[in-house]
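Survey of secondary and tertiary structure
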Amino acid sequence: TTRGLMAFYWRVIEREGDPGERLVWLSKLEPFSPSDDVLHESSAQAWLQLEPPERARAIEALERARRLNPTNAFYTMKQARIEIARRRPKEASALASLALESEPNFLDARLLRAEILILLGLKNEARLELNEILLRQKALRGMPLYTNYDRGLTVLDGDRFEKARRSLSGRSSRQKSK
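Since the model is a prediction, treat every value here as computed from it, not as a measurement.

Observations concerning the environment of L168
With respect to the helices and strands, the residue L168 is situated in helix α10 (residues 158-169). Between the alpha carbons of L168 and K123 there is a distance of 6.6 Å; along the sequence they are 45 residues apart. With near-sequence residues (within four places) excluded, L168 lies in contact with I118, K123, A126, R127 and L130.

Overview of the pattern of salt bridges
Applying the stated criterion to the full structure yields 11 salt bridges. Close ionic contact of R88 with E83 constitutes a salt bridge, the shortest N to O distance being 3.2 Å. Exposure remark for E83: the relative accessible area of 7% places this residue in the buried category. We note a salt bridge from R160 to E115, for which the minimum N-O separation is 2.9 Å. Of the two residues, R160 sits in helix α10 while E115 sits in helix α7 (residues 107-119), which places them 45 residues apart along the sequence. Owing to a relative accessible area of 23%, E115 belongs among the partly exposed residues under this scheme. One continuous salt-bridge network, built from bridges that share partners, spans R81, D108, E115 and R160.

A closer look at the nonpolar core
Ranked by internal contacts, the top residues of the largest apolar core, which has 13 residues, are M77, A80, A99, F106, A109 and L112. Mapped onto this core, the elements with two or more residues apiece are α5 (73-85), α6 (89-102) and α7. Top contributing element to this core by residue count: α6, with five residues. If we ignore the near neighbours within four places in the chain, the residues touching A109 are M77, A96, A99 and L100.

Let's talk about the packing of aromatic side chains
Centre-to-centre distance and the angle between the planes together describe a pair of aromatic rings. In the structure shown here, the tally under the stated rule is two aromatic pairs. Between F74 and F106 the ring centres are 4.8 Å apart and the planes differ by 55°, which places this aromatic pair in the tilted class. With a gap of 32 residues between them, F74 in helix α5 and F106 in the loop between α6 and α7 connect regions that are remote in the sequence. A relative accessible area of 23% means that F74 is categorised as partly exposed. F106 gets classed as buried once you look at its relative accessible area, which sits at 1%. Note on F74 and Y149: the rings are 5.1 Å apart at their centroids and 80° apart in plane angle, and the pair reads as edge-to-face. Here F74 is found in helix α5, whereas its partner Y149 is found in helix α9 (residues 148-153), with 75 residues between them in sequence. A residue is classified by how much of its surface remains accessible, and Y149, at 23% relative accessible area, is partly exposed. Three or more aromatic residues link up through ring pairs in this structure, and these residues are F74, F106 and Y149. Against the face of W25 rests K28, its NZ or CZ located 4.6 Å from the ring centre.

Comments concerning the environment of A65
Here A65 lies in helix α4 (residues 55-68). Between the C-alpha atom of A65 and that of D37, which follows or precedes it by 28 residues, the distance is 4.3 Å. Ignoring anything within four residues of it in the chain, the contact list for A65 reads D37, H40, E41 and Y75.

Considering the side chain of E83
By the element assignment, E83 lies in helix α5. Apart from the residues lying within four places of it in its own chain, the contact partners of E83 are I59, R88, E91, A92 and L95.

Criteria and cut-off values
Residues numbered from 1 in each chain as written. Predicted model: local features only at pLDDT ≥ 70, side-chain atom pairs only at ≥ 80, totals over all residues. Heavy atoms only, no water. Helix = DSSP H or I, 4+ residues; strand = E, 2+ residues; numbered from the N terminus. Contact = heavy atoms within 4.5 Å. Salt bridge = Lys/Arg side-chain N within 4 Å of Asp/Glu carboxyl O. Buried < 20%, exposed > 50% of the residue type's maximum accessible area, 1.4 Å probe, protein only. Core = buried A, V, L, I, M, F, W, Y, C linked by side-chain atoms within 4.5 Å. Phe/Tyr/Trp six-rings, centres within 6.5 Å; stacked < 30°, edge-to-face > 60°. Lys NZ or Arg CZ within 6 Å of the ring centre and 35° of its normal.

Now the structure itself:
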């Protein structure tokens, strides 16, 4: 059956360590499940794991995933991170903002936007974004998070947050420890 074949392919894909081989298996699975956004996200991950990474192909795969599931802000954020790697901060900022339109409590999107604002020299705006993260983090404490998606929105990389805060205060981590 189609369902059995798909299950077989997913098991093979999960075991396959080589991103090129994963892409071969994912391409075999796509005709059976063209509307599976996770399949396209998996392809994007494999494109990024190639040496050198195929960022343009990864963005194409993430755009397909996003068209299939436009409410999933993680796809938009993955695109934003690729744009950062491509040294395109304005595009990355626009994508982070798009992710926040659908998920205002997406703390990583807010942090990425703050980091981009710092990179662009917009320190006051970056401070406001970092303060907004703290306010939202406080408001989210104790709220029930029912799915991994919900929990993922509230994850904050404390090291990145502190690095952003230090860069706004002009103090490096070396200065702080002295």
